[in-house]
Amino acid sequence: MNTSEHIVSPRLYVAVFLALMLGTAATVWVARFDLGQLNIVAAMAIAVTKATLVVPYFMHLRYGHKLTWVFAAAGVIWLVILIGLTMADILTRALG
Amino acid sequence: MALISVLLAAIQSELPLFPDRTSSVARNVDHLYFYLVGVTLFFSILIFLTIFYFAIRYRRRHAGERPLPIAGSLPLELVWSIIPLCLTMIMFFWGAALFFHLLQPPDDATQFTVVAKQWMWKVQHPEGQREINELHVPFGRRIKLKIEYSHKFHDRLVPGPNFLFADPRGEHAELFYSFYFAMTGFLALHMIVGIGILAVIIWLAHRGRFTADYYNPIENTGLYWHFVNIVWTFLFPLLYLVGHHR
């Protein structure tokens, strides 16, 4: 299972790391404002952005086989099913 | 057998695993339960013993040893697919039959209507008598209870306070801290495991065990470590930032 023949340069790793630190700072900064429901949207948007940096570069998905992409996508779809069905319950409770 | 029952009774007195059977279906439910536990125990023990046996039997005997290619076996695959299929189908049909049997009251059962009010049980007999917080039933006859709730539907206290989204006794505190400690606790466990694996990998790399052709352990450790990283990327804002701007 050679997931990656590609060797990622330290420069790219450092750049991704700095971007992630920036993302963390942005999450903390944006949490100081009362945006109502948008707080969680902003926090999750930044988290998703950070994850889309970690998965392709730190976890080498970008240099992986297409089949690996399919498996990663299957994980995301499964997560959407789990969260979607939970939210379908919670968000409709008030409708009674 | 006598020894086992004495032992079971001793355990039972300290740790009530099997409550006394107080209904006519309890015996059947217990038998299904024994079947589940028996099947689980049998396969757990079989698999664990096999893992240990094979790990020792087929261990690497010298550094240059390369394992032989494994040839598949269709009959073997069929055997270990069909037997578990049958065993699990027995679980399913036995459990479903018992469940429907439990749901179905006998045809000749006399119906008592029970209304749960705030804060009492009102029982209506089929002949018309009423009782509060007490239930007298005819001796030797089958009865069924039709239970209704007349209060607290709007508060969603039915089917119970544990199904409320908010904590009934406070401001989400108990629900939040249950999540908080479960999530951070599991993340800490994952990190402790990850630090252990990283330490082993560093030690192996220091001893020159990895080459340009053999680096999968490093790759997989990186995958695991960054999986923990992503979990924290989402947990950190959810646990510490969202809703904390006050």
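Starting afresh in each chain, residues are numbered from 1 along the sequence in its written order. Here the convention is simple: chains get letters from A, ligands get numbers from 1, in the order in which they are written. Note on the predicted model: pLDDT of at least 70 is required for a residue's local features to be given, and 80 or more for side-chain atom pairs to be given and counted; whole-chain, interface and lining totals, by contrast, use all residues.

### Things to note about the sheet that holds strand 4 (residues 143-149) of chain B
All names here are of chain B.
- In this scheme, strands are said to pair when DSSP sees at least two bridges between them. Helix numbers and strand numbers start at the N terminus; a helix is a DSSP run of H or I with at least 4 residues, a strand a run of E with at least 2. Pairing within the open sheet is mixed, and its 4 strands lie in the order 3-2-1-4. Every interior strand has two partners, whereas the edge strands, strand 3 (130-132) and strand 4, have only one. The average undirected angle you get between the axes of adjacent strands in this sheet is 20°.
- Looking at chain direction, strand 1 (residues 110-117) and strand 4 are connected through 7 bridges and run parallel. For every element, the axis is a line fit to its C-alpha atoms; helices are fit only across the contacting stretch, and the angle between N-to-C directions ranges from 0 to 180 degrees.

### Quick notes on the interface of chain B and chain A
- Taken together, the contacts link 15 residues of chain B with 20 residues of chain A.
- Looking at the side of chain B that touches chain A, its residues break down into 7 nonpolar, 7 polar and 1 charged. What counts as a contact is two residues whose backbone-derived C-beta atoms lie within 7 Å of each other. Side-chain classes follow a simple rule in which Ala, Val, Leu, Ile, Met, Phe, Trp, Tyr, Cys and Pro form the nonpolar group, Asp, Glu, Lys and Arg form the charged group, and the remainder, Gly included, forms the polar group.

### Re the nonpolar core
- A set of buried Ala, Val, Leu, Ile, Met, Phe, Trp, Tyr and Cys residues, joined to one another through C-beta atoms within 7 Å, is what we call a nonpolar core. To sort residues by exposure, count the other C-beta atoms lying within 10 Å of each residue's C-beta; 20 or more gives buried, 12 or fewer gives exposed, and values between give partly exposed, all with C-beta atoms placed from the backbone. Core analysis: the largest hydrophobic core is formed by 10 residues, namely Ala31(A), Ala43(A), Ile46(A), Ala47(A), Ala51(A), Val55(A), Tyr57(A), Phe58(A), Met59(A) and Leu241(B).
- Here the element with the most residues in this core is helix 2 (residues 38-58) of chain A; it accounts for 7 residues.
- When residues no more than four places from it in sequence are discounted, the contact partners of Leu241(B) are Thr27(A), Val28(A), Ala31(A) and Ala43(A).

### Quick notes on the confidence of the model for chain A
- Each residue gets a pLDDT score, which is the predictor's confidence in that residue and runs from 0 to 100. Model confidence for chain A is summarised by a mean pLDDT of 86, while 94% of its residues fall at 70 or above.
- Looking at the elements of chain A, mean pLDDT is at its lowest for helix 3 (residues 66-90) of chain A, recorded as 89, and at its highest for helix 1 (residues 10-30) of chain A, recorded as 93.

### As for the pairing of strand 2 (residues 120-124) of chain B
Residue and element names in this part refer to chain B.
- With 5 bridges joining them, strand 1 and strand 2 adopt antiparallel strand pairing. The residue of strand 2 that forms the bridge with Val114 is Val123.
- The antiparallel pairing of strand 1 with strand 2 creates a hairpin that spans 2 residues between the two strands.
- Alignment of strand 2 against strand 3, held across 3 bridges, turns out to be antiparallel. Each residue of the ladder has a partner; that of Gln124, found in strand 3, is Arg130.
- Between strand 2 and the antiparallel strand that follows it, strand 3, lie 5 residues; Gly128 among them carries a positive phi value of about 115°.

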